[in-house]
Every structure is written in C-alpha cells, then in structure tokens.
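Structure assessment
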Amino acid sequence: MSGSNIIIAMEDDLETEKINHILSSNDYHIIPFPSSENENSTYSTVGYNQLNSVDLNYSDSESVDLALIDEVLMNEHYMENVLEKINNNNPMPVVCITSDSDDTYIDSNLDESTLCLPRPFNTRELLLTVEMAFYKMKMKKALSESEDKYRLLIENADDPIAIINYDGQFVMANNSAARFFGCKKEDFPSKTMWDLFSREKADSQMESIRTVINNSKGQIIENDTTINGEKYYFSSNIQPMPIRNGEKGLVQLIARDITPLKIAENAIKKSEEKFREVFNHANDGISLHVIDENGMPGNFTEVNDVVCRRLGYTRDELLQMGPTDIISTETADKMPEVIEKLNTDGWATFESVQITKSGSTIVTEISNHLFKLQGKEMIMSISRDISHRKQNEDELLRILAGIEGTGDAIGIAMADGSHFYHNHSFAELFGYSIEELNKPLGPLKLFADQNLGNRILRIIMNGNDWNGELEMVDKSGRIFPVSLRANAIKNHEGNVIGISGVLNDITDRKNFENILKNSEEKFRNLAETAIDAIIMVDIDEKIVFCNRSLERIFEYSEKEILGEYLDTLIPKRYIEDFQTKLDYYNQRNLEQGNVFESYGMRKDGSEFPLEMSLNTWKTDDEIFTTFIIRDITQRKLNEFKLKMREDIFQLMAQNIDEVFWLIDPLTGQILYMSPSYHKIWGQSIENLYQNPRSWIESIHPHDKDKFISHIFGKNEKRSKNREAAECRVIRPDGQEVWIKVRAFPVINQNKEIYRRVGIATDISAIQNNNR
C-alpha cells in the first residue's frame with residue numbers, strides 16, 4: 001500500500017538506511033522514532049538502550065500503518081510497550097527482520113499479526129513481505145466487518161433462522177426462531193431437533209439436512225409441523241455452510257412461514273373438488289363448448305361422466321369433438337335457430353337426437369346457457385335423455401319413477417300453476433302434501449319473496465324457462481337457499497301444458513362460501529401484517545389486492561395502485577426480462593412458490609433489486625396470481641462487497657512472478673496455487689489439482705526431503721523463522737530450474753497454525769552466474 005506510514009526499528013544503521021531507501025523509493029512514508037536524548041531530534045533507528053524512554057506523540061496525519069522491527073528488539077519489554085501504544089490508536093501489522101538462524105524465538109502478544117522476513121533479503125522480497133502484511137491486516141478487518149453485518153442481518157430477520165450440525169444439534173438460532181418456540185435464543189445451543197419436534201418430523205428434516213451436508217448442495221423443501229399445539233407450514237431453505245478444522249458439517253436453515261398461503265390453497269382445492277364431485281355426479285349430462293368463428297358450436301372443453309357413459313366415448317375422445325359430431329342431421333338443421341335464440345335470450349332449450357359411438361340414437365332434451373369464460377363466449381349444455389318418453393305411452397310413469405328416486409326436489413304444476421305432483425325429495429324438503437298446494441298459484445307459498453315467486457311462475461306459464469338461486473320457505477317456516485331450474489312443459493304444438501321445477505337445497509354450499517369468505521378475511525389480516533409486499537393480479541395482470549407493506553416498499557397507496565397493471569412496479573428497461581421470467585413459470589406450470597429476482601421501481605422513479613415468489617391459482621371462472629415481494633438491496637450490496645474482495649486477491653496473485661500457495665496444515669491439501677506455477681514447474685494448475693503430489697515429484701531427488709520438510713514445517717522449532725531453502729525443479733521437458741522456497745505458518749487468534757503459506761522464486765539466473 002504505497003503512501004502508507006511505516007516505522008523502522010533496526011539494530012544496524014546500514015541496514016536501516018537500506019530499508020529506508022527501498023521503501024521510500026516505492027512511495028512509502030518513513031516515520032522516525034523520537035529519541036529520549038533530545039526531544040527535537042529524530043532517528044530512524046532505535047537503539048537497545050533508547051527504548052525505555054520513548055514517548056510517542058504522533059499527529060493524526062502521521063498515524064502508523066506498519067512496523068518493521070529487528071528480531072533482536074522484538075522481544076524486549078520496552079519495544080512491546082511502544083507497539084502497544086501505537087496499536088491502541090490504530091491496530092497495525094508487524095514485519096520482523098530475522099537472522100538466518102533457527103535459534104531465534106519470538107514471544108510477543110502481536111504474533112498473530114506478525115510476518116517474518118529472513119536475512120539476507122532482496123528488494124523484491126522486502127516489498128512483497130510488506131504488501132503481504134498489509135493484505136493480511138486488510139483481510140482481517142474485512143472479515144470482522146462482514147461477520148458483524150451477517151450477525152446483525154440474522155438477528156433482525158423476520159424469518160426463523162438456525163444453524164444445525166450433522167447430529168441435529170442447534171449451534172445458533174435467531175430471535176424469530178425463539179419466538180416461534182416460546183423460548184430464548186440462548187437456550188437453543190443446548191437443544192436438538194428431537195427436543196423441538198416429534199421423532200417422525202425430526203427424522204424427516206434431519207434426512208434433508210444430512211443430504212445437503214453430504215452433497216454440499218442446498219435444498220428448498222416444504223413441510224408441515226406442529227409447534228405448541230398449532231399446525232404450521234414452512235418453506236425451508238437449507239444451505240451448506242463452510243466448516244473449520246474439527247467442526248462437524250453445518251447447515252443454515254431459513255424457514256418461511258407459508259401457513260396462510262397453504263390454508264388458502266387447500267380451501268381452493270377443496271372448493272374445486274366439491275365442484276368436480278357435483279359436476280360428475282349430476283343426473284343430467286353436462287358439457288361446455290366454445291363458439292367457433294362462424295358462430296356455431298365448437299369443440300367440447302369439458303364433459304361430465306354422464307355424457308361419457310351415455311354416448312360411449314371416453315372424456316379424451318369427446319374433448320376432440322363438438323356437439324355437431326354427435327347429433328343427427330335433423331338436429332343439426334335446427335342449430336342456427338338455437339344459436340339465434342341463445343344470442344337473443346341467453347338461453348335455449350330444444351330436443352336433440354344424439355348418436356352414440358356404437359351408432360344407436362338417444363332422444364335428449366338440452367338446456368343451453370350462453371356465458372363468458374375468460375373473455376370467450378361459451379355454451380353450457382344440460383342434456384336429459386327423453387328417449388323413453390318418445391318411444392311409448394308409459395314414458396311419463398317411467399320418468400316419474402326415476403324422479404321419485406332422485407335426490408333433487410322436483411315438482412310439477414298445471415299451466416295455471418295448480419300443483420299436482422311432487423317427488424319424495426320435494427315432500428321431505430318442504431313438508432307439504434300435494435293437496436295443500438293444489439290450487440292456482442298454490443306453489444307461491446314456497447317462495448320467501450312472494451313477489452319474486454309470482455314473477456317466476458308468470459315467466460314459466462308464458463312458455464319461458466327460469467334458472468337461478470333464491471330463498472324458499474318450508475311448512476315449518478324455515479327459510480333456506482335453493483337452486484331452482486324451472487321449465488315450461490309444452491305439447492307438440494308448442495302450447496304450455498305444465499310447469500316443472502327442479503330444486504336443490506344449497507344450504508351446505510352457502511355455508512361453505514361463508515367459510516371461504518371468512519378465510520379470505522383471515523388472509524387479508526395476515527397479509528396486512530406481513531413485512532413483505534403482497535399483491536394479487538388477475539388474468540389481465542391488473543392489481544386487484546395489495547397489503548400495507550407495498551406502500552412502504554414502493555410508496556404507492558392502495559388507492560393509487562389498485563386497478564393498475566403489474567408492470568407499473570417494474571422499471572421499463574426490465575419489463576421484457578420480467579415478462580420472460582413470468583411466462584417461463586406460467587407456461588411450464590412449475591410448482592407453487594417459485595422464486596426469481598428482478599428489479600422494482602418506486603413511485604418516485606428510483607429502482608431497487610427485489611426477490612419475488614409467485615403462485616397462480618384458479619377459481620371456477622377466474623385465474624389469479626399472488627406475488628410476495630421482498631426488497632433485497634442490502635443482500636445485493638453484501639454480495640458485491642464480497643466479490644470485490646475476491647477480485648482484489650485474484651488480481652494480486654495473477655500479477656506476480658513468484659509462485660504463491662496456501663496449504664492446510666492438518667491434511668497437507670493445497671488450498672490455493674497462484675497462476676505463475678506453470679512458469680516454474682512447467683505444468684498446468686489443473687494437472688496439479690488432479691495429481692496433488694506432482695509438484696513434489698518434480699523436485700530433484702537430492703532436494704526432495706529438504707523441500708517437503710520446508711513447506712510442511714516438519715522438524716521446525718517453536719520459532720517461525722527458518723532459512724529459505726534452495727531446491728531444483730525438474731520440468732517435464734527435463735530442464736532444471738533452481739528455486740528459493742520460503743514457507744511460514746499463519747497463526748490464528750488462538751495462536752494455532754491454521755494455514756501454511758509458501759513463496760517460490762526462480763533463482764536459476766543467480767545460480768548460473770555463481771557458476
């Protein structure tokens with residue numbers, strides 16, 4: 001770090017001048033020690049007898065960045081006092097100039113920040129050692145700052161976060177995790193997974209955790225569990241963590257509570273299942289089909305089991321067909337008239353002759369209803385087989401027998417509204433006998449709103465049909481909701497000869513709808529208290545719901561954003577990329593809870609990185625997508641800082657000629673080898689990692705033991721200062737290269753060797769000159 005302030009304390013004045021000259025020539029600023037003999041004089045060299053009275057009073061502009069000290073002075077009590085005074089103001093690295101002997105022992109409290117430079121040394125060696133000392137101190141400070149920020153982020157996270165080892169023991173948990181389990185975070189290190197969960201749940205989760213540790217690959221899993229008697233659903237992100245010497249495998253587990261989403265999802269699923277159950281177990285054939293470009297019936301989009309059984313086709317076969325493929329020519333001739341009535345009234349009922357797969361014919365009565373689904377005009381057909389009525393004079397009795405056995409409440413009246421028949425289900429539902437209703441407009445008493453009942457009866461008596469939901473009243477006065485389908489019964493001449501009504505008690509369905517409504521209110525309450533922004537969009541990507549956190553993150557109020565398109569929240573330059581990601585998840589029908597990153601835009605136009613999870617779900621006739629949005633600005637900033645630190649280290653390693661390496665002292669494994677390795681050894685780094693002993697095998701046989709002993713620190717004394725070793729490397733082409741190897745240990749804060757660092761310099765030219 002050129003421009004830094006360095007102090008020098010050497011026993012030899014000539015060596016001091018040499019060092020002073022080298023460092024000053026490379027833009028370092030040399031700060032002299034003050035002398036006790038004369039307060040106005042300064043010296044670059046501090047003698048043995050001067051240290052006791054040294055008094056440092058440097059100005060802020062002359063803060064000391066590094067100390068370069070002779071080993072003779074290093075262990076003296078007075079020198080330790082001087083260094084302690086400097087370090088109190090500004091912690092700094094120390095470079096110790098050592099002799100060429102292994103007998104020197106340095107016992108200093110600053111050992112963990114100390115690098116050693118053995119004599120004799122040249123200019124390059126001195127400058128490299130100084131830069132390494134600065135780099136080591138910089139990395140130590142950066143690591144400390146990074147750990148503080150990580151700890152702050154974890155402690156303030158809203159999601160439960162824990163670190164768990166291979167045996168299922170908690171190493172750490174944050175405040176959110178403690179709140180979930182009703183304890184303090186300090187209690188977690190004494191607990192295991194089996195202390196907090198049932199054995200079955202703990203075993204299942206530990207299987208995932210151990211898989212992540214063994215494969216060194218993260219997983220995101222969804223599971224349910226019971227905590228303090230309540231059932232929760234979590235989406236857990238399990239990621240492997242780097243381990244230090246002697247530690248067991250660890251994972252970091254971030255659990256996001258998705259209970260509200262799962263409850264809503266289950267409610268929707270149950271609603272759909274109930275719809276399917278009713279749809280497929282109806283007594284009538286029910287089908288949906290589109291209208292083609294000519295205004296005529298197009299292909300079926302859905303058919304129930306009754307249609308399949310009646311016609312003898314499978315569902316897949318029918319979905320490749322349309323109504324015109326299963327009717328006679330006579331019926332097809334009537335279709336333009338039916339379509340015209342549908343377009344005019346929205347309803348049309350007609351008789352149809354359908355042809356089964358085997359070629360037989362069935363006479364059906366079809367009630368058609370025109371409606372829109374997702375912006376497209378659709379027709380729902382309810383078809384009833386009336387073949388027997390047409391085939392013989394007993395068909396009425398047979399139909400009545402069938403009606404008596406159905407669960408639908410069915411009543412039939414004369415053209416004037418006089419009730420003359422109802423089935424068993426009707427009697428059970430209303431409690432009236434036929435005689436009690438057998439007078440003109442007698443069924444009117446069944447309607448809770450008699451004015452509405454009168455209008456419906458008049459509509460049917462005039463030859464029209466009515467279908468809808470309304471409230472009815474039984475003989476005891478109980479009011480309940482029903483679904484009513486009422487039709488006019490006509491003779492061949494088209495005259496009204498009677499009225500039929502099919503009723504279903506829909507009390508259970510209405511109760512279920514109320515449950516869903518309450519569920520929606522609970523969802524809104526949960527969404528409004530969520531930290532993340534939650535929005536819901538319809539099929540047109542218009543925002544139909546948002547919570548309060550959206551205003552905090554995007555600065556839009558609910559009134560301003562509802563009804564706006566989703567891309568209002570996305571910067572224009574990222575809209576295409578955002579839409580591509582959105583289409584990717586929608587087209588591939590991926591699992592729920594997919595997460596991707598993009599960019600958001602606040603109301604004031606400022607942009608920020610965000611992470612969003614999406615979930616698409618359907619109701620009977622609509623499709624919605626829910627987005628949970630999180631501001632990840634701080635996370636991206638932390639990732640950028642880490643990338644910058646890695647780039648700086650790589651830049652330094654790639655621009656020096658010496659070979660630089662890091663070795664694990666316990667396993668002897670090479671942790672890092674600088675790119676200049678191939679210049680000296682003549683081999684690629686890829687070959688070295690595939691054959692880790694290849695660099696040792698390349699050492700001349702006479703030098704191999706010395707080389708191994710030197711780089712792995714074998715037979716070393718307590719001193720970290722050892723003479724550089726000179727060895728020969730035999731390259732693959734047979735050329736011998738002389739190298740000078742300097743290796744030294746790196747000490748951690750516990751005064752343990754946790755890395756071995758080595759530098760190899762090509763000295764072939766020097767050896768050739770000496771010869």
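Note that the coordinates shown come from a computational prediction; the quantities given were computed from them, not determined experimentally.

On a plain count of helices and strands, the protein chain comes out with 27 helices and 32 strands. By the burial criterion, 43% of the 771 residues in the protein chain qualify as buried. In the protein chain, of all internal contacts separated by at least 6 residues, the share reaching a separation of at least 24 is 47%. With an accessible surface of roughly 42100 Å², the protein chain has 48% of that area assigned to carbon and sulfur atoms.

A few words now on the pattern of salt bridges. Considering all chains together, one arrives at 29 salt bridges under this definition. Its salt-bridge partner being Asp577, residue Lys581 comes within 3.5 Å of it at the nearest N-O pair. Of the two residues, Lys581 and Asp577 are both situated in helix H21 (residues 572–588); the distance of 4 residues between them amounts to about one turn of the helix. Overall, the relative accessible area of 26% leaves Lys581 in the partly exposed class. With a closest N to O distance of 3.5 Å, Glu697 and Arg693 form a salt bridge.

Both trends apply: most residues other than glycine have a negative phi, and most peptide bonds are in trans. The residue after Arg119, namely Pro120, is reached through a cis peptide bond having omega -10°. By secondary structure assignment, the location of Pro120 is in the loop between strand E7 (114–118) and helix H4 (123–155). Of note in this structure, Asp27 is not a glycine but carries a positive phi near 70°. Within the element layout of this structure, Asp27 appears in the loop between helix H1 (13–25) and strand E2 (29–30).

Overall, antiparallel pairing links the 5 strands, which are arranged E19-E18-E22-E21-E20 in an open sheet. With partners counted over all chains shown, the strands left at the sheet margins are strand E19 (419–422) and strand E20 (466–473), one partner each. Shown here is a sheet whose adjacent strand axes are inclined to one another by a mean of 30°, direction ignored. With 8 bridges connecting them, E20 and strand E21 (residues 479–490) associate as antiparallel partners. From the neighbouring strand, Gly468 faces E21, where its bridge partner is Leu484.

So, on to the side chain of Ser694. Along the chain, Ser694 turns up in helix H25 (residues 694–697). Each residue touching Ser694, except ones within four places of it in the same chain, is listed here: Tyr677, Gln683, Asn687 and Leu688.

For the rest of this paragraph, the subject is helix H7 (residues 199–215). Owing to its 3.6 residues per turn, the α-helix brings residues three or four apart onto one side. Given a rise of 1.5 Å per residue, 17 residues ought to cover 24 Å, and the 24 Å separating the end C-alpha atoms of H7 matches this to within 8%. Among the residues of H7, Ala202, Gln205, Met206, Ser208, Ile209, Val212 and Ile213 are the ones counted as buried. Along the axis of H7, the buried positions cluster into a sector of 160°, meaning they face one direction only. Pointing more than 90 degrees away from the buried face of H7 are the exposed residues Arg199, Glu200, Glu207, Asn214 and Asn215. Among the structural elements, strand E8 (161–165), helix H6 (193–196), strand E10 (219–227), strand E11 (230–241) and strand E12 (250–257) are those in contact with the buried residues of H7. Two residues or fewer past H7, Ser216 is found with a positive phi of approximately 55°.

Looking now at the pairing of strand E25 (residues 594–601). Where E25 lies against strand E26 (residues 607–618), 8 bridges are found, and the strand directions are antiparallel. Residue pairing in the sheet places Asn594 in a bridge with Leu614 of E26. In textbook terms, the turn of a hairpin is the stretch between consecutive antiparallel strands, and for E25 and E26 this stretch comprises 5 residues, one of which, Gly605, has a positive phi near 95°.

Moving on, we come to the nonpolar core. Formed by 29 residues in total, the largest nonpolar core has its most connected members in Ile6, Ile19, Leu23, Leu66, Leu68, Leu126 and Val130. Listed by contribution, the elements that provide at least two residues to this core are strand E1 (5–9), H1, strand E5 (66–70), strand E6 (94–98), E7, H4, strand E31 (736–747) and strand E32 (753–762). The dominant element in this core, judged by the number of residues it contributes, is H4, at 7 residues. With residues up to four places along the chain from it excluded, the contact list for Val130 reads Ile6, Leu23, Tyr28, Leu66 and Leu68. Core analysis: the second largest hydrophobic core is formed by 24 residues, Ala533, Tyr556, Leu566 and Ile629 among them.

Before going further, it helps to spend a moment on the pairing of strand E16 (residues 361–373). By the bridge criterion, 9 bridges tie strand E15 (residues 347–355) to E16 in an arrangement that is antiparallel. Along E16, the bridge assignment pairs Thr349 with Ser367. Counted along the chain from E15 to the antiparallel partner E16, the turn is 5 residues long, and its residue Gly359 has a positive phi close to 100°. Looking at chain direction, E16 and strand E17 (residues 376–385) are connected through 10 bridges and run antiparallel. When the bridges of E17 are listed, Thr364 appears paired with Asp385. Between E16 and E17, which pair antiparallel one after the other, the connecting turn spans 2 residues, and Gln374 there sits at a positive phi close to 55°.

Right, let's talk about the side chain of Arg602 for a bit. Within the fold, Arg602 resides in the loop between E25 and E26. Owing to a relative accessible area of 18%, Arg602 belongs among the buried residues under this scheme. The contacts of Arg602, once residues within four sequence positions are left out, are Ile553, Phe554, Glu555, Tyr556, Glu607, Phe608 and Asp631.

With that settled, the discussion passes to the sheet that holds E2. Hydrogen bonding along the main chain pairs the strands of a sheet, whether they run parallel or antiparallel. Spatially, 5 strands are ordered E2-E1-E5-E6-E7 in an open sheet, and the strand pairing comes out parallel. In this open sheet, the two strands that pair with only one neighbour each are E2 and E7. Taken together, the 2 bridges between E1 and E2 define a ladder with parallel strand orientation. Note on E2: the bridge partner recorded for Ile6 is Ile30.

Next up on the list: the packing of aromatic side chains. Counting across every chain of the model gives 13 aromatic pairs. With a centroid separation of 6.2 Å and an interplanar angle of 55°, the aromatic rings of Phe660 and Tyr672 are classed as tilted. You can see Phe660 sitting in strand E28 (residues 659–663) and its partner Tyr672 sitting in strand E29 (residues 670–673), a full 12 residues away along the chain. This pair shows no difference in class: Phe660 is buried, exactly as Tyr672 is. In this structure an aromatic cluster arises from ring pairing among Trp661, Tyr677, Trp681, Trp695 and Phe707.

With that out of the way, let us pick up the confidence of the model for the protein chain. Predicted confidence across the protein chain gives a mean pLDDT of 80, with 82% of residues reaching 70 or more. Residue range residues 103–110 is modelled with pLDDT below 50. Its contacts to residues more than four positions away, or to other chains, number 23 contacts.

Time to look at a negative patch on the surface. Among the surface-exposed residues, Glu11, Asp12, Asp13 and Glu17 lie close enough to one another that they form a single negatively charged patch. By the secondary structure assignment, Glu11 is in the loop between E1 and H1.

Cut-offs and rules
Residues numbered from 1 in each chain as written. Predicted model: local features only at pLDDT ≥ 70, side-chain atom pairs only at ≥ 80, totals over all residues. Heavy atoms only, no water. Helix = DSSP H or I, 4+ residues; strand = E, 2+ residues; numbered from the N terminus. Buried < 20%, exposed > 50% of the residue type's maximum accessible area, 1.4 Å probe, protein only. Contact = heavy atoms within 4.5 Å. Areas by Shrake-Rupley, 256 points an atom, 1.4 Å probe, with all protein chains shown as cover. Salt bridge = Lys/Arg side-chain N within 4 Å of Asp/Glu carboxyl O. Pairing = 2+ DSSP bridges. Axes fitted to C-alpha atoms, helices over the stretch in contact; angles between N-to-C directions. Expected span 1.5 Å × (residues − 1). Arc of directions from axis to C-beta. Core = buried A, V, L, I, M, F, W, Y, C linked by side-chain atoms within 4.5 Å. Phe/Tyr/Trp six-rings, centres within 6.5 Å; stacked < 30°, edge-to-face > 60°. pLDDT = per-residue confidence, 0-100. Patch = residues over 30% accessible without salt bridge, like charges linked within 9 Å, V, L, I, M, F, W, Y side chains within 5 Å. Lys, Arg positive; Asp, Glu negative; His and termini not counted. Charge placed at Lys NZ, Arg CZ, Asp CG, Glu CD.

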